[in-house]
Amino acid sequence: MPNIPTPEQCEQLLSSHNTPEASIKHSRIVRDVARRIGRDLKWLRDRGPNLALITAAALLHDIAKGQPEHASAGAEIVRKHGYGEVADIIAAHNNIEYSGELPVTEKEIVFIADKLVKGEQMVTVVYMFDHKIKSCTDARLLSQLKHSKENALRIKTSIEQETGKNLEELAIAEE
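Another aspect to go through is the overall build of the protein chain. Check the secondary structure of the protein chain and you find 9 helices and 2 strands. Counting helices and strands in the order they occur from the N terminus, the protein chain gives α-α-α-α-α-α-β-β-α-α-α. Principal-axis analysis of the C-alpha atoms places the extent of the protein chain at approximately 45 × 35 × 25 Å. Looking at the 175 residues of the protein chain, the share that counts as buried comes to 47%. Of the contacts formed within the protein chain by residues at least 6 apart in sequence, a portion of 62% connects residues at least 24 apart. Accessible area of the protein chain: about 9,100 Å², with a carbon and sulfur share of 50%. Charge separation in the protein chain, taken as the distance between the mean sites of 23 positive and 26 negative side-chain charges, equals 2 Å.

As C-alpha cells, then:
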C-alpha cells in the first residue's frame, strides 16, 4: 500500500513550503478535475486508478511553483516527506511520455487534469498548448511543447475511448 498524504496533510505541506496562493487555488481545481476523470475510469474498470493518490498528487503538483524546474523540485520536496509514489507523479506533471496504450494511470490523469486548468480557468487541451506554442520564441522549448501536446492528445484520446465521453465535458461534470 503506498504512503499517501491526506488532503489535510497536503494543505499543510503547501502552506509550510510557502506555495503561492494562486498555485494552491489552481491545484485545488486540478484536484477536482483529476478526481472526476479518475472516478469515471474507476467506475469502468474492475481495479481503477487510486483516487487518494490522484488527490494528493494533484494538490501537491505545484508545491514548488516559481522555482526552477518546479516539477523536479516539487517531487524532491514530497519525496523527502516519504511520499515516493506521489513524488513520481509530480515529477511527470509537466513532461510525460505516453504511447497511447491503455490504460491511463494516475500519472497521466494528473498530467492531463493540469493541462485542462490554466490558472483558475478551465480550458481545452488544444488551447492550453496552442496558446503556449504561439508565444514561444525558444526553439528547444517549442519542440518540448509540441512533443508534450502530442502526448496530451494521446492521453485525451485514450480517456475518451475508455469512457465514451469528451474529456473537457468529463472534466467539468457535476459531482
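Next comes the rest of the write-up.
With respect to the element layout, asparagine 166 can be found in the loop between α8 (139-163) and α9 (167-171). The exposure class assigned to asparagine 166 is partly exposed, which follows from its relative accessible area of 33%. Each residue touching asparagine 166, except ones within four places of it in the same chain, is listed here: Lys156 and Glu160. A distance of 2.9 Å separates a polar atom in the side chain of asparagine 166 from the backbone nitrogen of glutamate 168. Polar side-chain contacts of asparagine 166 include one of 2.9 Å to the backbone nitrogen of glutamate 169.

Let us now look at the pattern of salt bridges. For the coordinates displayed, the defined rule picks out 10 salt bridges. One salt bridge connects aspartate 32 with arginine 31, and the closest N-O pair in it is separated by 2.9 Å. Aspartate 40 is the partner of lysine 165 in a salt bridge, and the nearest nitrogen-oxygen pair spans 2.7 Å. In this pair, lysine 165 sits in the loop between α8 and α9 while aspartate 40 sits in helix α2 (residues 21-44), placing the two residues 125 residues apart along the sequence. You can call aspartate 40 buried: its relative accessible area is 16%.

By secondary structure assignment, the location of asparagine 151 is in helix α8. Setting aside residues no more than four positions away along its own chain, asparagine 151 makes contact with Ile96, Glu97 and Tyr98.

All chains considered together, the criterion is met by 0 aromatic pairs. One Lys or Arg, lysine 115, reaches over the ring of phenylalanine 111 and ends 4.5 Å from the middle of that ring.

As a further point, take unusual backbone geometry. One non-glycine residue, asparagine 18, adopts positive backbone phi at about 55°. Residue placement: asparagine 18 occurs in the loop between α1 (7-16) and α2. Judged by its relative accessible area of 68%, asparagine 18 falls in the exposed class. Of note in the backbone geometry, glutamate 69 takes a positive phi value of approximately 50° without being a glycine. By secondary structure assignment, the location of glutamate 69 is in the loop between α3 (51-60) and α4 (70-80).

The interhelical angle for the contact between α3 and helix α6 (residues 106-115), taken along N-to-C directions, is 40°, at an axis separation of 10 Å. With respect to each other, α3 and α6 are oriented oblique. Here α3 runs over α6; the crossing is right-handed. The segment α3 lies against α6, with Leu53, Ile54, Ala57 and Ala58 engaging Glu106, Ile109 and Val110. Here the residues of the contact of α3 with α6 sort into 6 nonpolar, no polar and 1 charged.

So, on to helix α5 (residues 84-91). Within the span of α5, buried status applies to Val86, Ala87, Ile89 and Ile90. For α5, the angular spread of buried residues about the axis comes to 160°, placing them on one side.

Each value, and the rule that gives it
- Residues numbered from 1 in each chain as written.
- Predicted model: local features only at pLDDT ≥ 70, side-chain atom pairs only at ≥ 80, totals over all residues.
- Heavy atoms only, no water.
- Helix = DSSP H or I, 4+ residues; strand = E, 2+ residues; numbered from the N terminus.
- Buried < 20%, exposed > 50% of the residue type's maximum accessible area, 1.4 Å probe, protein only.
- Contact = heavy atoms within 4.5 Å.
- Areas by Shrake-Rupley, 256 points an atom, 1.4 Å probe, with all protein chains shown as cover.
- Lys, Arg positive; Asp, Glu negative; His and termini not counted.
- Charge placed at Lys NZ, Arg CZ, Asp CG, Glu CD.
- Polar contact = N/O pair within 3.5 Å; in protein donor to acceptor, adjacent residues only side chain to side chain.
- Salt bridge = Lys/Arg side-chain N within 4 Å of Asp/Glu carboxyl O.
- Phe/Tyr/Trp six-rings, centres within 6.5 Å; stacked < 30°, edge-to-face > 60°.
- Lys NZ or Arg CZ within 6 Å of the ring centre and 35° of its normal.
- Axes fitted to C-alpha atoms, helices over the stretch in contact; angles between N-to-C directions.
- Parallel < 35°, antiparallel > 145°, perpendicular 65-115°, else oblique.
- Left-handed = near helix turned anticlockwise from the far one by under 90°.
- Nonpolar A, V, L, I, M, F, W, Y, C, P; charged D, E, K, R; others polar.
- Arc of directions from axis to C-beta.

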